[in-house]
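Topology and contacts: notes
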Amino acid sequence: MSKVILVGEPMALFIAETEGSLDTVTQFTRSAAGAEMNVAIGLKRLGNDVCYITKLGKDPFGKYLMDFLNNEGIDTSNICFDDHFPTAFQLKGKTSVGDPDVAYYRNGSAASNLRVDDVDEIDMTGFNHFHLTGIFPAISNTSRATLLYLIEKAQNSGLTTSFDPNLRLSLWKNSEDMVKTINKIAFRCDTVLPGISEGKILTGYSNEKDIAQFYLDHGVKNVVIKLGPKGAYVRTQEGEAYIDGYKVDKVIDTVGAGDGFAVGFISGLLEGKDVKECADRANAIGALQVMHKGDNEGLPTKEQLFSFMEKKTL
């Protein structure tokens, strides 16, 4: 059983029960969200030991998220609480066409104030893998410095690393700062998982092959580019492949699909699968995610995953 550690910002999530603009909706269902948290939950459901690093506010949302993570079996021993800063939350609309409206309330959150001093005593000895995204370094200069510190700590402890750029331009002061910082982080990781549109922004190249080569030339070992319904393109120094996507009966909510993709690829790597098998699993979990309305409700157990994957060959 592999041990994975992640850092990020979990948020309380309120999903609209009816369609319409968020200012008119009167009923919401509470859940939990956050890219890194989704990956943590997905990896745990597939049988890995998972530890999550963050800071929560001493408020009802913070208590709810702590209980939520504990109920999922996530190791919360490296989560700390803050008396002064609140836990982030978000609202998500309901729609039958396209992506839902989302409103974030995260400025000045507890997680954005996670400092190096909060994590310097974390022992990564015994862990196998560290996963991170481009969201956490975007929410504040403080969280960015903490993330860079944790990458160095993970590498010094012999962990492999994976990085999902998860671009959120609204969180950055400008696109130049975003591209420079995201690539600085990507170049330090073993596996990079951009979407095709993200790859174009980050590299200036227009096709997946050139995007992948850009990262390989900067020392990345595995580059996996998400191509939406078409599947994925995976490239290493040893070769390349296109991996077909999975048929989706009905798209309910695309939020969290990329996190599911990361779950699939990382879990395959941890089980010693080759990159083609990892990408196939990534496509499968991404497809399962879009058929569910929440950010992590579609993340499967191994039995659910294998059952879904078998249908592709029928």
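Here the structure is a predicted model, which means the values were calculated and not measured. (Residues numbered from 1 in each chain as written. Predicted model: local features only at pLDDT ≥ 70, side-chain atom pairs only at ≥ 80, totals over all residues. Heavy atoms only, no water.)

Brief notes about the overall build of the protein
Applicable threshold: The helix count covers DSSP runs of H or I at least four residues long, the strand count covers runs of E at least two residues long, and both are numbered beginning at the N terminus. Type-normalised accessible area, obtained with a 1.4 Å probe on protein chains alone, sets the label of each residue: buried when under 20%, exposed when over 50%, and partly exposed for intermediate values. Contact between two residues is taken to exist if any of their heavy atoms lie within 4.5 Å; hydrogens are not considered. Reported accessibility uses the Shrake-Rupley method at a 1.4 Å probe radius. Residues are deemed covered only where the shown protein chains occlude them. Only four residue types enter the tally: Lys and Arg on the positive side, Asp and Glu on the negative side, with His and both chain ends excluded. By convention, the charge on Lys lies at NZ, on Arg at CZ, on Asp at CG and on Glu at CD.
Check the secondary structure of the protein and you find ten helices and 13 strands. Across its three principal directions, the C-alpha atoms of the protein cover 50 × 45 × 40 Å. Burial analysis of the protein (314 residues in total) assigns 55% to the buried set. Put simply, 70% of the contacts in the protein that link residues at least 6 apart link residues at least 24 apart. In the structure as shown, the protein presents an accessible area of about 13700 Å², 48% of it carried by carbon and sulfur atoms. On the protein, the mean spot of the 33 positive side-chain charges and the mean spot of the 42 negative ones are 2 Å from each other.

With respect to the sheet that holds strand β8 (residues 129–133)
Formally: Strand pairing is assigned whenever DSSP detects at least two bridges linking the two strands.
The mixed open sheet is built from nine strands, whose spatial order is β5-β4-β1-β8-β9-β10-β11-β12-β13. Every interior strand has two partners, whereas the edge strands, β5 (79–82) and β13 (240–244), have only one. Sheet topology places strand β1 (residues 3–7) next to β8; three bridges connect them, and they run parallel. Each residue of the ladder has a partner; that of L6, found in β8, is H131.

What to know about helix α6 (residues 196–203)
Using the following cut-off: Directions are taken from the helix axis to each C-beta atom, and the arc is the one they span.
Buried within α6 are the following residues: E198, G199, L202 and T203. Along the axis of α6, the buried residues cluster in a sector spanning 110 degrees; they form a single face. Buried residues in α6 make contact with β9 (160–164), α5 (175–186) and α7 (208–217). Where α6 terminates, the next one or two residues include G204, which has phi positive at roughly 85 degrees.

Regarding the pairing of strand β2 (residues 11–19)
Pairing of β2 with strand β3 (residues 28–33), which is carried by six bridges, proceeds in the antiparallel orientation. Bridge assignment links A16 to a residue of β3, and that residue is F28. For β2 and strand β6 (residues 89–94), the ladder comprises five bridges, and the chain directions are parallel. Within β6, the position partnered with F14 by the bridge is L91.

Description of the nonpolar core
In globular proteins that are soluble, nonpolar side chains generally tend to be buried together. Quick note on the threshold: By nonpolar core is meant a set of buried Ala, Val, Leu, Ile, Met, Phe, Trp, Tyr and Cys residues that side-chain atoms within 4.5 Å join together.
Of all hydrophobic cores here, the largest spans 46 residues; its most connected members are Y52 and F265. In terms of residues, this core owes the most to one element, helix α9 (residues 275–290), which gives eight residues. Apart from residues lying up to four places away in sequence, Y52 is in contact with L6, G8, E9, P10, E36, M37, A40, L69, I74, D75, N78 and I79. Core analysis: the next-biggest nonpolar cluster, separate from the first, contains 43 residues, L132, F163, A186 and L202 among them.

Digging into the packing of aromatic side chains
The condition that has to hold: Note on aromatic contacts: the rings of Phe and Tyr and the six-membered ring of Trp form a pair at centre separations within 6.5 Å, being stacked when their planes are under 30 degrees apart, edge-to-face when over 60 apart, and tilted otherwise.
All told, the structure shown has eleven aromatic pairs when counted by the stated rule. Residues F14 and F61 carry aromatic rings whose centres are separated by 5.7 Å and whose planes lie at 55 degrees to one another, so their mutual orientation is tilted. Of this pair, F14 sits in strand β2 while F61 is found in helix α2 (residues 60–71), placing the two residues 47 residues apart along the sequence. F61 gets classed as partly exposed once you look at its relative accessible area, which sits at 23%. Taking the centre distance of 6.4 Å and the plane angle of 85 degrees together, the rings of F14 and F89 count as edge-to-face.

So, the sheet that holds β2
Rules: Axis lines are fitted to C-alpha atoms, over the contacting stretch for helices. Their N-to-C directions set the angle, which ranges from 0 to 180 degrees.
Overall, mixed pairing links the four strands, which are arranged β3-β2-β6-β7 in an open sheet. Looking at which strands have only one partner, the edges of the open sheet turn out to be β3 and β7 (102–105). Within the sheet, the average angular offset between the axes of one strand and its neighbour, ignoring direction, is 20 degrees.

Re the state of the cysteines
Using the following cut-off: Counting rule for disulfides: a pair of cysteine sulfur atoms within 2.5 Å.
Summed over all chains, the structure comprises zero disulfides. Its sulfur unpaired, C189 is 17 Å from the next cysteine sulfur, which belongs to C278.

Section: the pairing of strand β12 (residues 231–235)
Counted residue by residue, β12 has five buried out of five residues, so it is predominantly covered. Connecting the antiparallel pair strand β11 (residues 222–226) and β12 is a turn made up of four residues, with G228 showing a positive phi of about 70 degrees. With five bridges joining them, β12 and β13 adopt antiparallel strand pairing. Directly across from G231, in β13, lies its bridge partner D244.

What to know about the side chain of K55
Our working definition: Polar contact is defined as a pair of N or O atoms within 3.5 Å, subject to the rule that within protein one atom must be able to donate a hydrogen and the other to accept it, and that residues adjacent in sequence are counted only when both atoms are side-chain atoms.
Summarising the element assignment, K55 is placed in strand β4 (residues 49–57). A polar atom in the side chain of K55 sits 3.0 Å from the backbone oxygen of N113. Within the local environment of K55, its side chain forms a polar contact with the side chain of D118, the two groups lying 2.9 Å apart. Ignoring any residue separated from it by four or fewer positions in sequence, one finds K55 in contact with C80, F81, D82, A110, A111, N113, L114 and D118.

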